[in-house]
Amino acid sequence: TASRVAIQLVGVINRATTPEFSSAAAVGDMAALRKLIRMNLHSVFVLLLPGAIVFAVFGSQLVSFWTGHAIVPSQGFVALMAIAMFFHGAWFFASNLMQAVNLHSRLAMVAASAALFGIAAAVPLAGAFGLEGIAMAVLGAELVAVLCLIVLVRSVWENLHTFQR
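A short tour of the structure in this document, coming up. (Residues numbered from 1 in each chain as written. Predicted model: local features only at pLDDT ≥ 70, side-chain atom pairs only at ≥ 80, totals over all residues. Heavy atoms only, no water.)

### Focus: helix α3 (residues 75-100)
Step number 1: Taking 1.5 Å per residue as the helical rise, α3 with its 26 residues ought to reach 38 Å, and the 38 Å between its terminal C-alpha atoms agrees with that figure.
Step number 2: Of the residues trailing α3, N102 is marked for its positive phi of about 65°. (Helix = DSSP H or I, 4+ residues; strand = E, 2+ residues; numbered from the N terminus. Expected span 1.5 Å × (residues − 1).)

### Side note on the layout of surface pockets
Step number 1: In this structure, the largest pocket occupies an estimated 440 Å³ of space.
Step number 2: L41, F93, A94, I150 and V153 are the residues nearest the centre of the largest pocket, which is lined by 19 residues in total.
Step number 3: Elements with a minimum of two residues in the lining of the largest pocket: α2 (30-66), α3 and α5 (131-164).
Step number 4: Taken together, the residues of the lining of the largest pocket break down into 19 nonpolar, no polar and no charged. (1 Å grid on protein atoms, 1.4 Å probe; cavity = no way out; pocket = protein on both sides within 12 Å on 5 of 7 lines; lining within 4 Å. Points joined across faces, edges and corners; volume = space filled by probe spheres on them. Nonpolar A, V, L, I, M, F, W, Y, C, P; charged D, E, K, R; others polar.)

### Quick word on the packing of aromatic side chains
Step number 1: Scanning all chains against the criterion turns up three aromatic pairs.
Step number 2: Between F45 and F86, the ring centres sit 6.0 Å apart and the planes meet at 55°, which makes this aromatic pair tilted. With a gap of 41 residues between them, F45 in helix α2 and F86 in helix α3 connect regions that are remote in the sequence.
Step number 3: Ring geometry for F86 against F87: centres 5.6 Å apart, planes inclined by 70°, an arrangement best described as edge-to-face. (Phe/Tyr/Trp six-rings, centres within 6.5 Å; stacked < 30°, edge-to-face > 60°.)

### Concerning the packing of helix α1 (residues 5-27) against α2
Step number 1: The contact between α1 and α2 brings their axes to 10 Å, and the two run at 175°. Relative to α2, the element α1 is oriented roughly antiparallel. Contacts between α1 and α2 involve A6, I7, L9, V10, I13, N14, T17, E20, F21, A24 and A25 from the first element and A32, L33, L36, I37, M39, N40, S43, V44, L47, L48 and G51 from the second.
Step number 2: Of the residues contributing to the contact of α1 with α2, the split by class is 16 nonpolar, five polar and one charged. (Axes fitted to C-alpha atoms, helices over the stretch in contact; angles between N-to-C directions. Parallel < 35°, antiparallel > 145°, perpendicular 65-115°, else oblique. Contact = heavy atoms within 4.5 Å.)

### Here's the deal with unusual backbone geometry
Step number 1: Positive phi, normally seen in glycine, also occurs at H69, with a value near 70°.
Step number 2: Take H69: it is sitting in the loop between α2 and α3.
Step number 3: You can call H69 exposed: its relative accessible area is 58%. (Buried < 20%, exposed > 50% of the residue type's maximum accessible area, 1.4 Å probe, protein only.)

Spelled out as structure tokens, the structure:
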């Protein structure tokens, strides 16, 4: 939950631009699309990256304080979750934009691929590394989602360029 604060901040900006993105895509307004994408990427790097860094550095103490010292996660676990948080926020912003152009079914494949990878990786990694292994599986799933979404976004961008011509 603590790792989600920065994601929620980026999400506010992202959700606010989704209708505009949908409208710009519908009419092939590439200048507006570029502007909205830049705005969303800016929020990722201005809000999410510093949030991930702060969480990586102070997250263990934050969780410990928040839980009345009942839970004190290792620095390694928190650092891995902070990196996963950054990648999650990065692909999540792109996923909302993909929903804006009605690509829900393709997006579902991205989510399913990431989830299956995470589940398959969690068992052996947890056995070998404990909680840090679970964090590795979460990070791996987020990276799978990023890679799948890059392929999807490239395809959509090419189609938008073709539509504009």
